[in-house]
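Fold and contact review
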Amino acid sequence: MKKVFLALVLMLFVFGAFGVEVVKHDIVVTMSEDGSGNIEEEYWIRTSSEQGKALLNTTVESNEMDDWKEIGIQKTLKVPVEEMRIIPEVSESDIAIVVLQYRTNELVRQVETKGKKAVLALTEKEFRFYNGEKIKLPFSPPTELTVKMPSVLTLAEDVTPPPFKKRSEIIDGKKHDVFVWSYRQPFNAEHFRVSFTREVTIQSQISTEVLVKRTTEWFGTPINLLAVLIILGIAFWYRKQIFSLVSGAFAGEPTAHEEINHSE
């Protein structure tokens, strides 16, 4: 199937056009109180040729993320994904809808500490729209971004950039503050922040999640950590031999007192 898809893409390049265009993109990010989140992205695509319809049908049949990327459909948030679903809805018309649903346990990151409170935020760094300097909400295709945050969470600061609309919504019986940014008023900013505060406790600092995260920051990949542990284990096991070797290496070195006497 992969070879058939690549051959079809190559053929469309030869003929000069895909005939598939993303005409609308909606992103909905729903935060949880524990910092995890659910993301749903809805892409509207138009096929303007028989070749485009053939490409769409082949992509639907494979339904692999790499194939969808070829026609401009990919996940916007660069977060570790726990669960992922791709739901295509194709009809006889020229418009098809593709929905991406994914979940992450690392939606927010700690950006600062204020006294006994940690500030956690959904930032520009989690978005594909961020180029390292600025985050830009696309106008083409028309893009709308919605972030839903549980109202029990306390905002650390004003949402940045200011949302196009703000409202409240009940989700699973809980009130959420809803912030909407739209292609009707697209933003181009250095930072994106939807932040909230959380009490810093001793228990939260020694939790398994925090320890694993800090260990990863210090040592990098688990392989690096394993290598360090192995080296430390070997050093501990052979500590007596190592001490003897080190002591022997410096046994013939003159002491500071001997060097002074020798110089005199």
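Quick note: structure is the one above.
Below is a short write-up of the structure. (Residues numbered from 1 in each chain as written. Predicted model: local features only at pLDDT ≥ 70, side-chain atom pairs only at ≥ 80, totals over all residues. Heavy atoms only, no water.)

**Description of the pairing of strand S6 (residues 117-123)**
Counting buried residues in S6 gives six out of seven residues, a clear majority hidden from the surface. The sheet contact formed by strand S5 (residues 109-114) and S6 spans five bridges and is antiparallel. Note on S6: the bridge partner recorded for Glu112 is Val119. With antiparallel pairing between neighbouring strands as the criterion, S5 and S6 make up a hairpin whose turn holds two residues, including Gly115 at a positive phi of roughly 65°. Pairing between S6 and strand S13 (residues 193-199): seven bridges, direction antiparallel. Along S13, the bridge assignment pairs Thr123 with Arg193. (Buried < 20%, exposed > 50% of the residue type's maximum accessible area, 1.4 Å probe, protein only. Helix = DSSP H or I, 4+ residues; strand = E, 2+ residues; numbered from the N terminus. Pairing = 2+ DSSP bridges.)

**Notes on the nonpolar core**
Within the largest apolar cluster, 42 residues are counted, with the highest numbers of intra-cluster contacts made by Leu77, Leu122, Trp181 and Phe192. With five residues, strand S1 (residues 20-31) is the single largest residue contributor to this core. Discounting chain neighbours no more than four positions away, the residues touching Leu122 are Val29, Met31, Leu77, Leu107, Val108, Phe127, Val147, Phe192, Arg193 and Val194. (Core = buried A, V, L, I, M, F, W, Y, C linked by side-chain atoms within 4.5 Å. Contact = heavy atoms within 4.5 Å.)

**As for the packing of aromatic side chains**
For the structure shown, the criterion picks out four aromatic pairs. Connected via pairs of aromatic rings, a cluster forms that spans Phe127, Trp181, Phe187 and Phe192. (Phe/Tyr/Trp six-rings, centres within 6.5 Å; stacked < 30°, edge-to-face > 60°.)

**Some points on the sheet that holds strand S9 (residues 154-155)**
The four strands lie next to each other as S5-S6-S13-S9, forming an open sheet whose pairing is antiparallel. Pairing within the sheet leaves two strands with one partner each, and these edge strands are S5 and S9.

**A short note on the sheet that holds strand S3 (residues 83-89)**
Read across the open sheet, the seven strands follow the order S3-S4-S2-S1-S8-S11-S10; overall the sheet is mixed. Since the sheet does not close on itself, it has two edges, and those belong to S3 and strand S10 (165-171), each with one partner. Each neighbouring strand pair of the sheet contributes to a mean axis angle of 20°, computed without reference to strand direction. Two elements, strand S2 (residues 37-47) and strand S4 (residues 95-104), share ten bridges in a ladder whose sense is antiparallel. Its bridge partner lying in S4, Glu41 is registered against Leu100. Sitting on the sheet, helix H2 (residues 50-62) is in contact with S1, S2, S3 and S4, with an inclination near 150° to S2. (Axes fitted to C-alpha atoms, helices over the stretch in contact; angles between N-to-C directions.)

**Looking at H2**
An ideal rise of 1.5 Å per residue puts 18 Å on 13 residues; H2 measures up with 19 Å between its terminal C-alpha atoms. Every buried residue belonging to H2 is among Gly52, Leu55, Leu56, Thr58, Thr59 and Ser62, and all of these are buried. Buried residues along H2 cover an arc of 165° about the axis, so they all sit on one side. Facing away from the buried side of H2, by more than 90 degrees, are the exposed residues Glu50 and Glu61. A positive backbone phi angle near 50° is found at Asn63, which sits one or two residues after H2. (Expected span 1.5 Å × (residues − 1). Arc of directions from axis to C-beta.)

**Comments concerning the environment of Lys166**
Along the polypeptide, Lys166 turns up in strand S10. The exposure class of Lys166 is exposed, given its relative accessible area of 58%. Measuring from C-alpha to C-alpha, the distance between Lys166 and Phe179 comes to 4.8 Å, with 13 residues separating the pair along the chain. Ignoring any residue separated from it by four or fewer positions in sequence, one finds Lys166 in contact with Val178 and Phe179.

**Remarks on a nonpolar patch on the surface**
On the surface, a cluster of nonpolar side chains totalling about 280 Å² of accessible area is made up of Leu226, Ile230 and Ile234. When you line up the elements, Ile230 lands in helix H6 (residues 222-237). According to the relative accessible area criterion, Ile230 is partly exposed, its value standing at 46%. (Patch = residues over 30% accessible without salt bridge, like charges linked within 9 Å, V, L, I, M, F, W, Y side chains within 5 Å. Areas by Shrake-Rupley, 256 points an atom, 1.4 Å probe, with all protein chains shown as cover. Salt bridge = Lys/Arg side-chain N within 4 Å of Asp/Glu carboxyl O.)

**Digging into the pattern of salt bridges**
Pairing is possible between side chains of opposite charge, provided their charged atoms come close. Evaluated as defined, the whole model comprises nine salt bridges. Between Glu33 and Lys174 there is a salt bridge, with the nearest N and O atoms lying 3.7 Å from each other. Pair noted here: Glu33 is in the loop between S1 and S2 and Lys174 is in strand S11 (residues 174-182), with a separation of 141 residues, a long-range link. Beyond isolated ion pairs, a larger network of salt bridges with shared partners links Lys148, Arg167 and Glu169.

**A few points about the environment of Phe187**
Looking at the secondary structure, you find Phe187 in the loop between S11 and strand S12 (188-189). Taking relative accessible area as the criterion, Phe187 reaches 9% and is therefore assigned buried. Through-space distance from the C-alpha of Phe187 to that of Pro162 is 9.0 Å; in sequence the pair is 25 residues apart.

Read these as geometric descriptors, not functional statements.
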